[in-house]
Every structure is written in C-alpha cells, then in structure tokens.
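# Understanding the architecture of this molecule
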Amino acid sequence: MLEIEIDGKQVQVDDGSTVMDAAALAGAYIPHFCYHKKLSIAANCRMCLVQVEKAPKPLPACATPVTNGMKVWTHSELAVKAQKGVMEFLLINHPLDCPICDQGGECQLQDLAVGYGSSASRYQEEKRVVFNKNLGSLVSTDMTRCINCTRCVRFTAEIAGEMELGQAFRGEHAEIMPFIEKTIDSELSGNIIDLCPVGALTSKPFRFAARTWELSRRRTVSPHDSLGSNLIVQTKHDVVKRVLPFENEEINECWLSDKDRFSYEALNSDERLAAPMIKQGGEWKRVDWQAALEFVATGLRGIAKDHGGDSIGALASPHSTIEELYLLQKLARGLGSDNVDFRLRQSDFRADGKRAGAPWLGMPVAGVKDLNRLLVVGSFLRKDAPLLAQRVRQATKKGLHVSAIGPNAEEWLLPVRHRALVAPSAMVSTLAQVVAALAEEKAGEVSVALVGKLPAQISEEARAIAQSLASGRKIAVWLGNLASQHERASELQMLAQEVARLTGGSFGFIGEAANSVGGYLAGAIPANGGLDAAAMIEQGRKAYVVLGAEPAFDFANPSAATAALGSAQLVVSLTAFDSASLRGVADVMLPIAPFTETSGTYVNCEGRVQSFNAVARSQGETRPAWKVLRVLGNLLSLEGFLQADSEAVREEALGTEPASRLGNAIEGIIVSAAAAPANALERVADVPIYFADPIVRRAGSLQKTRDAKAPAARIAPATLAALGIAEGDRVRVTQGAASAELVAQADPALAAGCVRIAAAHITTATLGAMSGELSLERA
C-alpha cells in the first residue's frame, strides 16, 4: 500500500494505482473525458490535469502513477487554470448545438463546460465540419461534435474484441471512423453510445424520441439470455423509450448486449396482441376477458373429463417468469396432467430424475476472471451469451486458456488455444477421448460408470485439450446451447462431469434463456412420469396450453410442433404478440404482459434470483400472465390459486433457499463413445441472436443488422465441392418429410460433413429437428 495526500486528505492505495484511482477513494472529483475505469488509459483529452508537488507542470491524473508520499491538488489555481485551458481548446471546434443535440441534459462536455468553460469564445475563425459515418441501424453519428476521446475505439478493440473503429489523421483533422466504410456489427455496439461523453454517437432508435429530463427511470432485469443483465428502462407516458445498463459488477458490469438494449422496440410494435381473441368458424373474433377465460376453462374441463388429465399438455417458453412457470405447472397438475415442460428446444431428456438439482453454470459469473483453463463444449458462445463471452475475453488477457469442442469454429474474438472441430455426432466420442487422455495425464481412475466405455484411440486435438486442462489450477467445463440441445446431451453431461472430477474443476451449463435455471426451480418439468416437451409433440395431446412460445420458431422441431398443435382439439396461447404462427394452430389467444408490464422473477445461469416490478402500464387489455393463470385456476375450482400478488407466488415457488436446489451431478446415464458414421450430412442448428425469442424477433432496428440476415445453408468448402454445389446456388434441404429452399454458402469455420442452418426463422420453420441427418440437392 502507498500513501498519497489529495487536497490535504491522506489516502492509502494499492501499488500501481493512478492519481485518478486515489482521487476516487478520497472522494475528490477530477474532470475527465477519455478516462473510463474499464478501458485502457489514453490520456489524450488532458481534462484531468492536476497539480503534483515538485512536478514542473500539471500532470494527467489518469496516467500518473502514485508514488509514496505524493501530494496532489485537484482544484488548486494551477490545476483549474490548466483544466479551463483544455476546455477552451475542446470547445474551439465544437458546434455548440446543445438545443438540438440528443445528448442534451446528459452530456459530460455540457456539464463540465458550466464549471470550466468561459461565457464567450476567443476563437473567431470558421469551425471544422466532420462528415457523419454510417455505423448501421443502431448507432447514429454527428461526428462534428466528436472530441476524439477515443473511448469508442478502445471499447471495440478491448471489450468487444474487434477493432471496428479507428482514428485517422492528426491534430484538428483527426476523425473517428469505421474501416473501409464498414458498419459496426458487434453484438455489443450499443455500449459506445453510453461511453461517448458528447453527442457524437447516439441511439438511432431513440433519436429525437424524448429528452432525458422527460423520462421516468425504473430498474428491471433482461428477459433474454441466461445472464440476467440489470437494466434501467426509461419511459415517457408509460411508453418504453430507451433501455440503459444498471451497473452490477457481479453480472453485466456496466455493459449491455444490443439484444438487451434495443429489443424494447418490439414492445410498441403493431404485432402486440391487445385483446383476447377466439377462433370461431375459422375466423378470429375479439372477445372480452370473461368470455375468453370461460371458453378456456370450459374447454380444458371438458377435455380432462372426457379424455383424462393426461390428454392435456403445458408448454412454456424459458423466457417466462418464475411466477408464470410455477402457476402453469400448478394448473396442469391440478387438471391431472404431469405433461408440463419449458425446455422446448431440447431433444434428450434421459437426465430427468437422474440429476441432483437444477442445472446451472456451476460457478459465479464474476469468477470467470479467476479461471486459467476453460473447456467449452457445443456453444455459439459469442452470440448466445455476449457478456459472458466478454468476461472470457478479458480473462484470456490474464492467462486463461480456452479449449473448444463442437462443429463450429466461428470467431469468438478471443484466442482459442485448442479446438476439436467435429460433427455433432462425433462430439460424445471426442469428449470421451478427452476424458481418457485426462485419466492418463492425471494417472487417475475413471468413474465406474465409464469403465470400458472410453475409446482406445485418442486424437491429437483431444490429447492437446486434455494436456491443457491437466496443467491448469482453476478449471471449468461449460456446456453450451448446442450441447444442451444435442441428441445425446445427457452423455455429454456425464463426460463433462468426469472431466471436472479428474481436474478438480467445475462444470455446468451456459443456459439458453432468462429462466433456463428457474424453470426447474418452478417445477415446470414432468416429475411423475409425465411427458417432456418432445414427447408431447411426438405423441400429440388433445389440448395444449402454450405460454409465450410460437410453434414455428421456439421448438426443437418446428414442423412437428406446428402439426401437433394444429391437430389438437384445443390450443390455448398466452402470448404478448399476435402472429401467423399462432393463428394457424391456436383456438384462443390471451394477451399477456411482456416483462416491462408485469412483475416477476428470473434465476440466471449462476443461480442468482432477481425479481423486478412493472415499469410501464399494460397496453390495451393486456394482463400479467401469472394473474391470468391464477384466475383460470379459480374458474376451474382448483386449490392453491389464491395468491394476492406475484411476491406470494414467488415465495411459494422458490421457498427460502433456492440455491440449495441447484445441482449438476448426474448418474445412471449409459455413455456410448463409439465413432459416428461419416457418410451422412448432419445439421448444425444455431438460434441466431436476434431470432431467439418473440421480443427480439420483432425489434425493428435489430432486424436490420447483419446478425439478422436470412439464414443460408452454410457448408464447409470441401463438403460443398464433394456435393458438386457452388456457393450461391439455391439448394433444397430435406429432413424426413420436411424441406426448405436456401442459398448455399461456403463456411470454412464448419466441420466437414455438416450443414449449418439457423433455426427460429420463417425461412427454416418448415424444416424438422435442429439436429440429425439431412439431404441436400440443387433446387
């Protein structure tokens, strides 16, 4: 520890700290623009000049290291004169268009100009003008306002991982610009809006929508990926106008993914379902809530009476709240059905009843920085969990070695030391080889359940991964969405558990959605011999209650889901959005509130329980889903539906210690590590970041980005050549009886023998399962 005196106040700081760090501890504010605690030090704005004892001139606080006994004055006459001089230079070319600037009211330059600027300028010459840049559909530019702090440049290079912005020219001609007129395509691009201290970079969807002082601010939680980012939702007249990050170092730090930031546009879309609808004589008619609920209650009661409770299935989106999931399963079980599931994209359910608890990440999110070895199995990490990938990216700079197994090698913008690029059918065999090699490296015995199950031949890639893991101290194994949705997901989990045991590390699941963990805690899975999601679709039910999901986009097999729901006697859809997918199969649609208009709870991938309240008034006749389910329970005369508020439902669902119900340990799964056949083409299905749930699918600005492009049939160049198909050809993809026409695209980051076709999109909704064999021919 070093001692420093700041404005007469003694402070102790860590060795290596800067004067800016020490000032923060002392509670002394130093004006600054280019400095940011999460970015590297640039020291180019010079606004943080301070007086340091024995220094011949003022020094930048952000770049001056503390020495023992140092004395600093942040507001002395010399320091203030230097700061005012810098401010005068910054304002020389600034347009001073505050009345029409979107940053007005929350602009650092505006704020500091009050304290350090002059009432008039001595500069009489013409000001420079900088042409605006096209950065895409999310970020708007007014580059004449730019003060060249380079925060945006450093963010894209250091946090987002790809240098999409740079600074060209020198002096007053310096400009921030993208390279070769590219747009900004990072899934974290919106953070440069927050970082910009002036109005040079602003939100394009929010542009001219409201002034900051007109907005109400309320805290909530993201409903999208499994991280559960903390949000500040800003509303005007109960309409959501903007979403910003709420800083939480243990979860999202001070960042947001673009999916979390811009998806709010869907909340005000034309596709919002405003009133209950019933299909009568093939036509949809608007009805009141009383009529709709009585129709549903009568229908469910009749089917349960005529065909038994087991003829009813309950299917829920993993983006639903704990309260909604809990009351849905309670409703189903009250009707005599154990057919309830929220794992709509999963295909292997052999682990049910054989797992210790709710599957989770197996470690705190904030603990990523302490890892020095990480194995990621079957994941589209960068797009599935952008902010978790960002944490991994920062950890690799401090020595973390990342290894990967899977059919995809797209750029994660971080160094992957070892990778086994194999088809989905070979993932189990490859991970088994890693286990066998680890047992050799560690001279340890494998678990009894795996004795005689491991392959004798070990590939070079598997051995390299094993050696990397064996040399680590703090190790984790993560199973991604592709692994969770794999046809042999339970076997992958058994092997991941063995890797963690042999290395003394942890293993867990990254998770697909906001309540991938919470769905288990809410009991929204079959527990007493009921059917899982895949079985409910395969075997068909007389009635379905579908919560927050669309059959064409949110199921492992969209064509089978559409067919199963379409042939049922009664399909009740609780949905925030009207859609053709639902109109084709549902008999009644009940308008439920999205996350901004209801209270609820999400449990993120690390098992953290996060509750939130509504931030805006419900639109039209929309009602919170938990209230709709509670009223349905009462109409059906079921017990346990008397909760007065969502807090009562949460307490009933989670109990006092939900963390004690987490657990990844699994046993009783038979692993077969036999090599997979090499002849057939295999589908690799990712769920693109902006197709993942009903809200983001309707966010207009996100749908204009590169990540929202229509899916192509992506094939490794060697496989493409072997098939005699050229890139750009239209091809017919067939899975069983289902088919779709797509454009062929060469993808060198894909394993041989695979065809990568995105799910959850209208052009691929006619296809079958997200995994398995398919055939390909020129259309």
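Per chain, residue numbering runs from 1 following the sequence as it is written. Where local features are concerned, this predicted model is filtered to residues with pLDDT of at least 70; where side-chain atom pairs are given and counted, the filter is 80 or more; whole-chain, interface and lining totals use all residues. Remark: hydrogens and water are excluded; side-chain values derive from all non-hydrogen atoms of the structure.

### Here we look at the UniProt feature "domain: 4Fe-4S His(Cys)3-ligated-type" (unreviewed entry) in the chain
- Those residues carrying the UniProt feature "domain: 4Fe-4S His(Cys)3-ligated-type" (unreviewed entry) are residues 78-117 in this numbering.
- Put simply, DSSP marks the helices as runs of H or I at least four residues long and the strands as runs of E at least two long, and each gets a number from the N terminus on. The span residues 78-117 carries 60% helix and 0% strand; its end-to-end C-alpha distance comes to 16 Å. UniProt positions are given in the numbering used here, feature names are shortened, and annotations may be inferred rather than shown by experiment.

### Some thoughts on the packing of aromatic side chains
- Planes of paired rings set the category: under 30 degrees apart is stacked, over 60 is edge-to-face and the rest tilted, where pairs are Phe, Tyr or Trp rings (Trp by its six-membered ring) whose centres lie within 6.5 Å. Scanning all chains against the criterion turns up 3 aromatic pairs.
- Ring centres of Phe155 and Trp255 lie 5.0 Å apart, and the angle between their planes is 55°; this geometry places the pair in the tilted category. Residue Phe155 is located in helix H4 (residues 151-158), and its partner Trp255 is located in the loop between strand E12 (239-245) and helix H6 (258-262); the two are separated by 100 residues in the primary sequence. For the pair Phe155 and Trp255, a shared accessibility class is recorded, and that class is buried.
- Between Phe342 and Tyr520, the ring centres sit 5.4 Å apart and the planes meet at 90°, which makes this aromatic pair edge-to-face. Taken together, the residues span a long stretch of sequence, with Phe342 in the loop between strand E16 (340-341) and strand E17 (373-377) and Tyr520 in helix H15 (residues 518-521) at a distance of 178 residues.
- Sitting over the face of the ring of Phe246, Arg219 holds its NZ or CZ atom 4.0 Å from the ring centroid.
- Between Arg242 and the ring centre of Phe206, over which it is positioned, the NZ or CZ distance is 4.5 Å. For every residue, the accessible area (1.4 Å probe, protein chains only) is compared with the maximum for its type, and the residue is labelled buried under 20%, exposed over 50%, or partly exposed between those bounds. Whether a charge sits over a ring comes down to the Lys NZ or Arg CZ being within 6 Å of the ring centre and within 35 degrees of the ring normal.

### Describing the side chain of Arg211
- Structurally, the position occupied by Arg211 is in the loop between strand E9 (201-203) and strand E10 (216-221).
- Under the counting rule used here, the positive set is Lys and Arg, the negative set is Asp and Glu, and His together with the chain ends is not counted. The salt bridge criterion pairs a side-chain nitrogen of Lys or Arg with a carboxyl oxygen of Asp or Glu, the two atoms within 4 Å. We note that Arg211 is buried and unpaired, the nearest opposite charge coming from Asp102 at a distance of 5.0 Å.
- Whenever a nitrogen or oxygen atom comes within 3.5 Å of another N or O atom, the pair is scored as a polar contact, on the condition that within protein one atom can donate a hydrogen and the other can accept it, and that pairs from neighbouring residues in sequence are kept only if both atoms are in side chains. Within the structure, Arg211 has its side chain in polar contact with the backbone oxygen of Pro99 (distance 2.4 Å).
- Here Cys101 takes part through its backbone oxygen, which lies 2.5 Å from a polar atom of the side chain of Arg211.
- In what follows, residue pairs with any heavy atoms lying within 4.5 Å of each other are defined as contacts. Beyond its immediate chain neighbours, meaning those up to four positions away, Arg211 contacts Cys98, Pro99, Ile100, Cys101, Asp102 and Gly104.

### Comments concerning the sheet that holds strand E32 (residues 771-778)
- We treat two strands as partners when DSSP finds at least two bridges between them. Read around the closed barrel, 6 strands run E27-E31-E28-E30-E29-E32, paired in mixed fashion. Adjacent strand axes in the sheet meet at a mean angle of 45° when their direction is disregarded. Only the contacting stretch of a helix is used when fitting its axis, a line to C-alpha atoms as for every element, and angles between N-to-C directions run 0 to 180 degrees.

### Comments concerning the sheet that holds strand E4 (residues 59-60)
- Across the sheet, 5 strands lie side by side as E2-E1-E5-E3-E4; this open sheet has mixed pairing. Single-partner strands in this sheet number two, and they are strand E2 (9-13) and E4.
- Here 2 bridges tie strand E3 (residues 49-52) to strand E5 (residues 70-73), and the two strands are oriented antiparallel to one another. Opposite Val52, over in E5, you have Val72 as the bridge partner.
- Packed on one face of the sheet, helix H1 (residues 19-26) meets strand E1 (2-6), E2, E3 and E5 and runs near 120° to E2.
- Sheet strands in contact with helix H2 (residues 77-92) are E3 and E5, and its direction is about 160° off that of E3.

### A closer look at the domain arrangement of the chain
- We note that the domain assignment places domain 1 (277-353 + 522-661), domain 2 (365-509) and domain 3 (681-778) within the chain.
- Of note, the centres of domain 2 and domain 3, computed from C-alpha atoms alone, are 26 Å apart.
- Counting residues at the interface gives 16 residues for domain 2, matched by 17 residues for domain 3.
- Summing both partners gives a buried area of about 1200 Å² for domain 2 against domain 3, and 57% of it is carried by carbon and sulfur.
- Scanning the region where domain 2 abuts domain 3 turns up 2 salt bridges. What fixes the domain bounds is an automatic or database domain assignment. Put simply, buried area is the surface a 1.4 Å probe can reach on two separate parts but cannot reach once they are joined, added for both.

### As for the packing of helix H11 (residues 427-442) against helix H14 (residues 489-503)
- Two elements in contact, H11 and H14, have axes separated by 10 Å at closest approach and are oriented at 15°. If you check the angle between H11 and H14, you find them roughly parallel. In the packing of H11 onto H14, the handedness of the crossing is left-handed. Only Glu491, Leu492, Leu495, Ala496, Glu498, Val499, Leu502 and Thr503 of H14 make contact with H11, whose side of the interface consists of Met427, Val428, Leu431, Ala432, Val434, Val435, Leu438, Ala439 and Lys442.
- Looking at the contact of H11 with H14 residue by residue, the classes come out as 13 nonpolar, 1 polar and 3 charged. Any angle between 65 and 115 degrees counts as roughly perpendicular, while under 35 counts as roughly parallel, over 145 as roughly antiparallel, and the rest as oblique. Two helices that cross are described as forming a left-handed crossing if the nearer one is turned anticlockwise from the farther one by less than a right angle, and a right-handed crossing if clockwise. Under this grouping Gly is polar, as are all residues other than the nonpolar Ala, Val, Leu, Ile, Met, Phe, Trp, Tyr, Cys and Pro and the charged Asp, Glu, Lys and Arg.

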